[in-house]
Amino acid sequence: MALKRVIPCLDVDAGRVVKGTNFIGLRDAGDPVELAERYDAEGADELIFLDITASHERRETIVELARRTADNVFIPFTIGGGIRSVEDAQAVLDAGADKVSVNSAALARPELLTELADHFGAQCVVIAIDAKRDAPEPPTASPTCAAPAGWFGGTWGVYVKGGRERVEGRDAVSWAREAVERGAGEIMLTSMDRDGTNDGYDIELTRAVADAVSVPVIASGGAGELGHLSAAIADGGADAVLCASIFHYGQHTVAEAKERLAADGIPVRR
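Going along each chain's sequence as written, the residues are numbered from 1 onward. Per-residue local features are limited, in this predicted model, to residues with pLDDT of at least 70; the limit for side-chain atom pairs, both in listing and counting, is 80 or more; totals at the level of whole chains, interfaces and linings are taken over all residues. The side-chain numbers reported here are obtained from all heavy atoms of the structure, hydrogens and water having been left aside.

**What about the packing of aromatic side chains?**
Stage number 1. Stacked, edge-to-face and tilted are the three classes for Phe, Tyr and Trp ring pairs, Trp counted by its six-membered ring, which pair at centre distances within 6.5 Å; planes under 30 degrees apart are stacked, over 60 edge-to-face, the rest tilted. By the definition in use, this model includes two aromatic pairs.
Stage number 2. With centroids separated by 6.0 Å and ring planes inclined at 50°, the aromatic side chains of Tyr39 and Phe247 adopt a geometry described as tilted. You can see Tyr39 sitting in helix H1 (residues 32–42) and its partner Phe247 sitting in helix H9 (residues 245–248), a full 208 residues away along the chain. Summarising the burial analysis for this pair, Tyr39 and Phe247 share the class buried.
Stage number 3. Arranged with centres 5.9 Å apart and planes meeting at 90°, the rings of Phe49 and Phe77 form a pair that is edge-to-face. Pair noted here: Phe49 is in strand S4 (residues 47–51) and Phe77 is in strand S5 (residues 77–80), with a separation of 28 residues, a long-range link. By definition, any uninterrupted DSSP run of H or I lasting at least four residues is a helix, any uninterrupted run of E lasting at least two residues is a strand, and each is numbered from the N terminus. With a 1.4 Å probe rolled over the protein chains alone, any residue whose accessible area is under 20% of its type maximum counts as buried; one over 50% counts as exposed, and the rest are partly exposed.

As structure tokens, then:
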């Protein structure tokens, strides 16, 4: 059985790791490379850096972050934020990153995924999908036809700008399929309803996407306790779990997360 991965996520703003709820109310969590070194020592399988800095110097910022990380950390890491072209990706990969993550740039121009996959290989291309539930249509209940337990009849929209702007004509499951067809080798799937809430991953969303594609799905958004990680894998079908707050602020360590996953019968690299 394939080993499941635990991946700390570091949102970087102006050179510092931050965390909030839906990218609002950001709190400082430390230096990105120092945190990366800590997670490497604790046994993290990979790292993902998402540069949310709103500046024209973003490319230089993330290239320098990739270079510093590669000099100090010895596990694979992904860089996202500001990757809009093969040249942007080349710069961070040359600096030491193992993968690049793209989101809004791929939505604006889906051909980017194919260009990246053709140039670097699909294994280097992560499509980040930020999803929110649409309001479901209420079920029609009758004495002979009751709505099933746990019924949810809606879909998940695709969002950009930290979950504030919906992309017209896109839903998360169909976009995941298309992104994979175009060359994405992995999906980082974030529930914007759950992100930063500590209420647990959106299991239905994760399962819907995992069942729709043939590539690994990283569950993201909402981890608040270690049981949530096991649920995302066992019930949601995720291949990896992304965590931020529970690691950044000392609630749990990566080692504790892996101990819990192993105790729940989920194979992990110890």
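The rest of the description comes next.
**Here's the deal with the pairing of strand S6 (residues 99–102)**
Stage number 1. In S6, alternate side chains face the same way, and those of Lys99 and Ser101 on one face and Val100 and Val102 on the other are all buried.
Stage number 2. Pairing between two strands requires that DSSP report at least two bridges joining them. Bridge analysis of S5 against S6 gives three bridges, and the strand direction is parallel. Looking across to S6, one finds that Gly80 is bridged to Ser101.
Stage number 3. With helix H3 (residues 86–94) bridging S5 and the parallel S6, this β-α-β connection has right-handed handedness.
Stage number 4. The pairing of S6 with strand S7 (residues 125–133) spans three bridges and is classified as parallel. Look down the strands so they point away from you; if the path from the first strand over the helix to the second goes clockwise, the crossover is right-handed.

**Describing the nonpolar core**
Stage number 1. Counting residues in hydrophobic clusters, the biggest one holds 79 residues, and the most contacted among them are Ile127 and Ile187.
Stage number 2. Ranked by the residues each element gives to this core, the list is headed by helix H6 (residues 172–182), at six residues. Remark: nonpolar core denotes a set of buried residues (Ala, Val, Leu, Ile, Met, Phe, Trp, Tyr, Cys) joined through side-chain atoms within 4.5 Å.

**Examining helix H8 (residues 226–234)**
Stage number 1. What H8 keeps buried is the set Leu226, His228, Leu229, Ser230, Ala232 and Ile233.
Stage number 2. When checking whether two residues touch, look at their non-hydrogen atoms; a contact exists if any pair is within 4.5 Å. Those residues of H8 hidden inside the fold are in contact with helix H7 (203–212), strand S11 (217–220), strand S12 (240–243), H9 and helix H10 (254–263).

**So, the packing of H6 against H7**
Stage number 1. For helices, the fitted line uses only the C-alpha atoms of the stretch in contact; every axis is such a line through C-alpha atoms, and the angle between N-to-C directions lies from 0 to 180 degrees. Contact pair H6 / H7: the axes reach a minimum separation of 9 Å and the direction vectors enclose 35°. In this structure, the crossing between H6 and H7 has a hand that is right-handed. On H7, the residues touching Ala172, Val173, Ala176 and Arg177 of H6 are Leu205, Ala208, Val209 and Ala212.
Stage number 2. Of the residues in the contact of H6 with H7, the class split is seven nonpolar, no polar and one charged. Should the near helix be turned anticlockwise from the far one by less than a right angle, the crossing is left-handed, and should it be turned clockwise, the crossing is right-handed. Residues were grouped as follows: Ala, Val, Leu, Ile, Met, Phe, Trp, Tyr, Cys and Pro as nonpolar; Asp, Glu, Lys and Arg as charged; and all remaining residues, including Gly, as polar.

**Some words on the side chain of Glu46**
Stage number 1. Topologically, Glu46 is positioned in the loop between H1 and S4.
Stage number 2. Counted as a polar contact is a pair of N or O atoms within 3.5 Å, where, for protein atoms, one must be capable of donating a hydrogen and the other of accepting one, and residues adjacent in sequence contribute only when both atoms are in side chains. A distance of 2.8 Å separates polar atoms of two side chains, one belonging to Glu46 and the other to Arg5.
Stage number 3. Here Lys99 takes part through its side chain, which lies 3.1 Å from a polar atom of the side chain of Glu46.

**Brief notes about the packing of H3 against helix H5 (residues 111–120)**
Stage number 1. Two elements in contact, H3 and H5, have axes separated by 10 Å at closest approach and are oriented at 45°. By the angle between their axes, H3 is oblique relative to H5. Along this stretch, H3 crosses H5, giving a crossing that reads as right-handed. Taking contact as the criterion, the partners of Val86, Ala89, Gln90 and Leu93 in H3 are, on H5, Leu112, Glu115, Leu116, His119 and Phe120.
Stage number 2. Of the residues belonging to the contact of H3 with H5, the class tally is six nonpolar, two polar and one charged. Reported orientations rely on four angle classes, namely roughly parallel under 35 degrees, roughly antiparallel over 145, roughly perpendicular from 65 to 115, and oblique for the rest.

**Some remarks on the pairing of S5**
Stage number 1. Of the two faces of S5, the one carrying Phe77 and Ile79 and the one carrying Thr78 and Gly80 are both buried.
Stage number 2. When S4 meets S5, the two strands line up parallel, connected through four bridges. Across the sheet, residue Leu47 finds its bridge partner in S5, namely Phe77.

**Section: the environment of Pro216**
Stage number 1. By the element assignment, Pro216 lies in the loop between H7 and S11.
Stage number 2. Between the C-alpha atoms of Pro216 and Ala238, which are 22 residues apart in sequence, the distance is 7.2 Å.
Stage number 3. Excluding residues that lie within four positions of it along the chain, Pro216 makes contacts with Arg5, Gly185, Glu186, Ile187 and Asp239.

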